[in-house]
Every structure is written in structure tokens, then in C-alpha cells.
Amino acid sequence: MDYRIEKLVKSLKYERIVLYGTGINAERVVNALSDRNIIGILDGNINFGFFKGIKILTIEEMLLQQPEAVVIAAQMSSTLLIYHRISKVCMEHHIKLLDMFGNDLFDLVKSIEKQADCFEKNIEEIKREIDQHKVISFDIFDTLIMRNTLYPEDVFDIVESKAKNKGITLCDFGNRRALAEQSIDCISPNIYQIYDAYQKREGCTPVSKRMLLDYELSVEKAVLIRRADIVQVMNYAVSKDKPVYLISDMYLPKELIEVILSELGIQGYRDILVSCDYHQTKYTSLYHTFMDLYPSESYLHIGDNIEADGFCAKSNGIDVYIIQSALALLEKSSYDFLLKRHLTLNERSMLGLLIAKIFNSPFSLYGSDGRPFIDNIKDISYLYFAPVILKVVLWLTDKLLEGDYEKVLFSARDGFLIRELYDVMRLNRNGLPDGIYFQASRLLCARAGICNDVDIEWMLSAPFNCSWKEVVKDRFDLSDKDMLDEYNSGYNSVLDYAMSHRDKIYEHSKEIRQNYSKYMKLLGIQEGKKYAFYDFVSCGTCQYFLSNFVPFELQGLYCGYYDSVTGGKRNVPIKALFVNKNYFQKETAFFKRYLLFERIMTSPESSVISMDVNGTPLLSEESRSQHELDIVKISQKSIKDYFKQYIESLYV
């Protein structure tokens, strides 16, 4: 006799019973309860006729029979669905509702539903639960470890992309793999059986089958991370000498999961029970097998799935503690609106990285109103700066592949971090030109690129709060001996005063140009070639003044462009990810906030102001404090971690 039915028979104390179901489980229950008074059968699809000689009833007919209890004789995966279908009627008419174990489903479901509140759970509470039980078991995926994809199925789309890059033609790999799994005539097949079935269905070669299997395992390993707080909880249980076991419904056999856990530094458990090794699931008899193998007075199972880890374990007499997966926490948080957008695979992966960080802990919403608490520059940079910066690099690489560029010049100082990320990108995407960190600033480029009186006038257009002599000396990099008396009555404006130095200004600009040209030659920049010029946010000033004298072509590729200038700068060739038409009005969220990004994307060096005779950059005095530089370093490290993880593991 099925252990569940045996338990039901022993616990059943009601006389007038209605059975729900007409499948194999119902047949077994009818046979086991032949000496009991089964007064009717319910079924979701049939409401007339007989089953095993017992009349099939409608709900109305059942109520006229005044049963004491309804027993749901169905697979555990269907029991909850049936419960929600008839529980209201049973409750209103004081009819007990039981599962195949004889459990009171009203009590069982009520206790499970209480577990769903993620706003009241914390790590100390779960430790107290561990203290009160003899044996502790943990679910694995989405509990001890998690993927940093948004959905588990995204792994198959990444596998398909990697396979196509290696010349294996695939179409709808995830769905075809799922169909192959469904075609196997056993409960919970393992990954090797799945790929054997896939090969048979799709007619692929043994070599292609093995390559796909290896790709899946490598992608799976690459995207898996620890859920640190639950690993800490497991280590706590081990430290308290509690026998700890891992139970998982999974197609990866025990020996593969052990390798994954070992590489993630998870150890101390005594055994792993995987559904594909026993061909049993949590919905069938995997918990029963576990309890037979490791008998105890009390058990506590910790997992994320309300049905598999909650309802199924509780039905077997195991106490449960349900935590939330990162995706479930996202759905309950202030970030849930992100799921309502139509996301590409790459965008889903970006969101996956976000929730893998912000909701790595199942206790991240404890005591909150749905808004997770983030209070350090490392996490702020990873969660909010990094995705936008990633988007900039992805856009930039697409534009570079569209053009025919000798190299790309990353303008100092805002191109510093982008250049480092771009170098990572070049290792993972073919055809991209080499990148050069290029010393440039508005001041240097303007000083070197002055070619007419209009340029001199532009150099004086920015406001100042010093004397005419000081502003002209500073902006045109003149020496004290070059400066004329500013109090001469012939000067009506600062422009008049500056124009009296016209020859000196042009002469010194020529010197800076010559020195700047030496710097460019040292970088290997060649005459007559076409170069991409990256700037973060600009109206094209640096590119305009450089174009006045460099012997090569520049195409601007900017993150943000103020498209509001007139005159010569209006003709500078520029493409941008974000465009703002009004210089004095921020038209997008990006332009309202880009100064925050400038703070953390910049070089640790100060700004370049000129070049010496050897073509060596001359830098300004550093105005940032050491504390600010330290913050920049932490922030950039966090952004690089995000970027590297995304490009190497997730990017399609």
C-alpha cells in the first residue's frame, strides 16, 4: 500500500466521506477504504456516472449527502489547486477537507500561508527554529544558491547563443529541450537522460549533443552564486551539531551539485537527495525517502517554494520555514514595476544581476515598506550606476562596429572607466578597434585649437569673478611678462583687453598645438585615419577645437550630447545615446543626474591643462580630497565587478 494511503487509513476518523478524484490515487484510496462509508465521488471534469461503483456527484448533490469530510485523492501537485477550488464550499458547510495523508488541509494551508510574509522574517527567527528541531534540511536552488539570471529558463537562451557562436545551428532550444525532457518515461530524469532524448528528437550528432550539455553546465556554473544569509544559517545549524541535509527537485545529479556547492564554498551538510537520482520528487515520495533514510523525532525544512518546500514537506509531517526567492522579493517590492516592461534577454540579465545583489538575502525586506535599504557606495554603484554605464558601453560598441575606425579615443577624464570596461568588451566581442585613453580637456583643446578671433571671444564667454588680467592670463595660458596693463583707458571690455594680446595668444596656441601633436604621435595616432572620439557628456567643444588642427578625422560618439550650439561647433559630426536639445533645461532623467556619474567615472589623475615640449601632459593641481578619491576607487571596482560578471557570463 502507498505510504500516504496507509497513513490516511490509520488517521481517518470520519464516517461519511466524499472522495475527490477519479485517477489512480483515487482508485487506491477506494480499495484501501473498502470498509468505510464513501458516499460519493467529486471530480473537476465529470459530474455524472460512477467510479468504482460509487456515484459521481455535483457539488450540490454532495451537500445534500451531508458528508463529514472530503478527501482529495490526487497528486500533491494538484492538491492545492483542488483545495482552492472547493475550500470555500467546505468551510461554509463545516465539512473537513483532508489530503491523502489525512492532514487537515484548512490547518495545513493556513500555517503555510503564514510563511509567505517576507516583511516579518529575520535571521534570528530562523535560527530559533533550528534550535528547536533535531534534523535540518535545505532546498538548494533559490535557497542556498541562486542564479543571477532573472528566470531559470534564461540559462537555455544563453546556451543557445553560445552554441550559435560556435557554429551549432539551434532554434528555440529551451522549448525543444523541455519537450525532450517531457518525452522521457520516468519521474525526474537527469541531465544525461534529457540530452539523450534531445539528440533522439532533434537528430543532432553525438558531438553536438556533448557540446550543448557542456555549454549548459558551464553557463549554469557561471551564473550560480551563494545566498549568503542562508549559507550562514546552514553553517549555524552545523555549528550546533544539527544533522544537515540538502533536498532538491533537479535534473543535475548529486555528483554535479556537490562540485557546484564546493566551488561556492558550501560544505558541512551530510548528504544530498536529488530527485533525478531517486526518480522521486518532493511532490511524490522524496521527503518520505529522506525520512526513512534519516529517522528523527523532528525535522525542519527550509526552502523557497510554497508548494514543494512548504505544502509537500508539511504534508509529510516535516515542519517548514519558507523564505522568498529573489524574484519573489522583487515582485513584492517597490521595484515590481520593472517586471511589467517588455524586456530582452540582455535586459532580463541586467535585472537578474540587480536582484541577485539587492535581494540576495531573503530578509532584505524585513521591517520595510517594500523598499530595500541600501546605504553604501559599493552597492549603490553596483545597483544603479553600473547598469547605465553598461548600457553606454553596449551602445558604444554597436556604433563602433557600424563604422570603420582606426581606433577609438577615450577622452580624459570621463573616458577613464569606460576605456577599462571597453577593454573587457573587446575580449568578448570580435571586430572592435583598439582603445586609447586620450588626454583632453576643454581648456587644453581650446588653447591648442584657437584659429580665429571668434574662438578667442568664445574662450571669454564663460563667467568669471576675477580681474581682466587674471582671466586672460589663465584662459590663454600666458605668462606674466606677456600681460599688458588692464587699466589702459582704451579697453572697454575684457574682449578688448584680450584682443590686445592677440599675437601672443596665437603664438602660444601654436606652441601648445605642436606639443599636443607630439603627444598624439607618441600614442601612434596616424595622419589621414578616421578615429572615434568618445566623450561622456558634451556639446562638442573638445572635438571642435581638436578638429581645427589635427591631421585626421574625428567622429564623436557621446553618451550625452547637448544639441543646442550654433556656429562652427554645429558642424562637428556627433552621435549620442542621449540627446538634450535645450542647454538650460534638462529634458531627460539622464541629463538631470549625469553629474553624479561624472563624479565616479573619472580618472584618479587631475585634469590635463597643457603639454610640455616633449609631448608630456601637464596636469592641474588636484582639487579632490583623498576621501573622494577613495570613494571613486570603491565605486569603480564595484562597477567593474558588475560589468565583468555580465559580459563574461550573461551577455548575448
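Residues numbered from 1 in each chain as written. Predicted model: local features only at pLDDT ≥ 70, side-chain atom pairs only at ≥ 80, totals over all residues. Heavy atoms only, no water.

**Some words on the overall build of the protein chain**
Counted only if it meets this: Only runs of H or I of at least four residues qualify as helices and only runs of E of at least two qualify as strands under DSSP, and these elements are numbered from the N terminus. A radius of gyration in this sense is built from C-alpha atoms; the matching globule rule multiplies 2.2 Å by the number of residues raised to 0.38. Contacts are residue-level and defined by heavy atoms, with any inter-residue pair within 4.5 Å sufficient.
Secondary structure summary: the protein chain contains 27 helices and 20 strands in total. Whereas a compact globule of 652 residues would reach a radius of gyration of roughly 26 Å, the protein chain reaches 35 Å, over 25% beyond that. A principal-axis box enclosing the C-alpha atoms of the protein chain has dimensions of 120 × 55 × 50 Å. Sequence-distant contacts, at least 24 apart, represent 68% of the contacts inside the protein chain between residues at least 6 apart.

**What to know about the nonpolar core**
Condition: Joining through side-chain atoms within 4.5 Å is the link that ties buried Ala, Val, Leu, Ile, Met, Phe, Trp, Tyr and Cys residues into a set, and such a set is a nonpolar core. Working definition: with a 1.4 Å probe on protein chains only, accessible area under 20% of the residue-type maximum means buried, over 50% means exposed, and in between means partly exposed.
One finds Phe138, Ile145, Leu246, Leu252, Ile302, Ile389 and Tyr534 to be the most contacted residues of the largest nonpolar core, which totals 119 residues. Element by element, the count of residues in this core is highest for helix 18 (residues 377-402), at 12 residues. Leaving out residues up to four positions away in the same chain, leucine 252 has contacts with Phe141, Ile191, Leu217, Glu220, Ile257, Ile260, Val274 and Cys276. Ala440, Ala446, Tyr491 and Phe549 belong to the second-largest nonpolar core, a separate cluster that totals 45 residues.

**What to know about helix 1 (residues 3-11)**
Restricting attention to buried positions, one finds in helix 1 the residues Tyr3, Arg4, Ile5 and Leu8. On the buried face of helix 1, the contacting elements are helix 2 (24-32), strand 5 (69-72), helix 4 (76-92) and helix 14 (286-293).

**So, the side chain of glutamine 115**
Cut-off, in case you're wondering: For this analysis, a polar contact is any N or O atom pair within 3.5 Å, provided that within protein one partner can donate a hydrogen and the other can accept it, and provided that sequence-adjacent residues contribute only side-chain to side-chain pairs.
Turning to its location among the elements, glutamine 115 is positioned in the loop between helix 5 (105-114) and helix 6 (123-131). Accessibility expressed as a relative area gives 15% for glutamine 115, which makes it buried. A polar contact is formed between the side chain of glutamine 115 and the backbone nitrogen of isoleucine 322, at a distance of 2.8 Å. Once you skip the residues sitting within four places of it in the chain, glutamine 115 turns out to touch Lys121, Val320, Tyr321, Ile322 and Gln324.

**Overview of the sheet that holds strand 6 (residues 96-98)**
Strand-to-strand pairing in sheets goes through backbone hydrogen bonds, with the strands running parallel or antiparallel. This is how the line gets drawn: For two strands to count as paired, DSSP must find a minimum of two bridges between them. Fitting a line to C-alpha atoms yields each axis, with helices limited to the stretch in contact; the angle taken between N-to-C directions then spans 0 to 180 degrees.
In space, the four strands of this open sheet follow the order 2-1-5-6, with parallel pairing throughout. The open sheet is flanked by strand 2 (37-42) and strand 6, the only strands paired with a single partner. For this sheet, the mean angle separating the axes of adjacent strands, direction not counted, is 25°.

**Concerning the environment of asparagine 25**
With respect to the helices, strands and loops of the structure, asparagine 25 is situated in helix 2. Given the relative accessible area of 4%, asparagine 25 is considered buried. It is 7.4 Å that separates the C-alpha atoms of asparagine 25 and glutamine 75, two residues lying 50 residues apart in sequence. Contact partners of asparagine 25, with chain neighbours within four places excluded, come to Arg4, Ile5, Ala73, Ala74, Gln75 and Met100.

**Examining unusual backbone geometry**
Residues other than glycine predominantly adopt negative phi, and peptide bonds predominantly adopt the trans conformation. In this structure, the amide linkage connecting alanine 412 to the following residue, arginine 413, adopts the cis form with an omega of -5°. At lysine 52, a position not held by glycine, the phi torsion is positive, near 55°. As for its position among the elements, lysine 52 is in the loop between strand 3 (50-51) and strand 4 (54-55). Here lysine 52 falls in the partly exposed class, since its relative accessible area comes to 43%.

**Some remarks on the packing of helix 4 against helix 5**
Axis angle and axis distance: for two packed helices, these are the angle between their axes and the distance between the axes, and together they describe the pair. Worth spelling out the cut-off: Two helices that cross are described as forming a left-handed crossing if the nearer one is turned anticlockwise from the farther one by less than a right angle, and a right-handed crossing if clockwise.
At a minimum axis distance of 11 Å, the contact between helix 4 and helix 5 shows a crossing angle of 115°. In this structure, the crossing between helix 4 and helix 5 has a hand that is left-handed. Where helix 4 abuts helix 5, its residues Thr79, Leu80, Tyr83, His84, Ser87, Cys90 and Met91 lie against Leu105, Phe106, Val109 and Glu113.

**Here's the deal with the packing of aromatic side chains**
Note the cut-off: The rule is short: rings of Phe, Tyr and Trp, with Trp giving its six-membered ring, pair when the centres are within 6.5 Å, and they are stacked under 30 degrees, edge-to-face over 60, tilted in between. Criterion for a charge above a ring: Arg CZ or Lys NZ at most 6 Å from the ring centre, at most 35 degrees from the ring normal.
A complete count under the given rule lists 34 aromatic pairs for this structure. Between tyrosine 245 and tyrosine 294, the ring centres sit 4.1 Å apart and the planes meet at 25°, which makes this aromatic pair stacked. Of this pair, tyrosine 245 sits in strand 10 (residues 244-248) while tyrosine 294 sits in the loop between helix 14 and strand 12 (299-303); the two residues are 49 residues apart in sequence, bridging distant segments of the chain. Owing to a relative accessible area of 6%, tyrosine 245 belongs among the buried residues under this scheme. Between phenylalanine 438 and phenylalanine 533, the ring centres sit 6.4 Å apart and the planes meet at 80°, which makes this aromatic pair edge-to-face. Here phenylalanine 438 is found in strand 15 (residues 434-438), whereas its partner phenylalanine 533 is found in strand 16 (residues 530-538), with 95 residues between them in sequence. With respect to burial, phenylalanine 438 and phenylalanine 533 carry one shared label: buried. Among the aromatic residues, ring-to-ring pairing joins Phe385, Phe536, Tyr562, Phe578, Phe590, Phe591, Tyr594 and Phe597 into one connected group. Between arginine 177 and the ring centre of tyrosine 251, over which it is positioned, the NZ or CZ distance is 4.6 Å.

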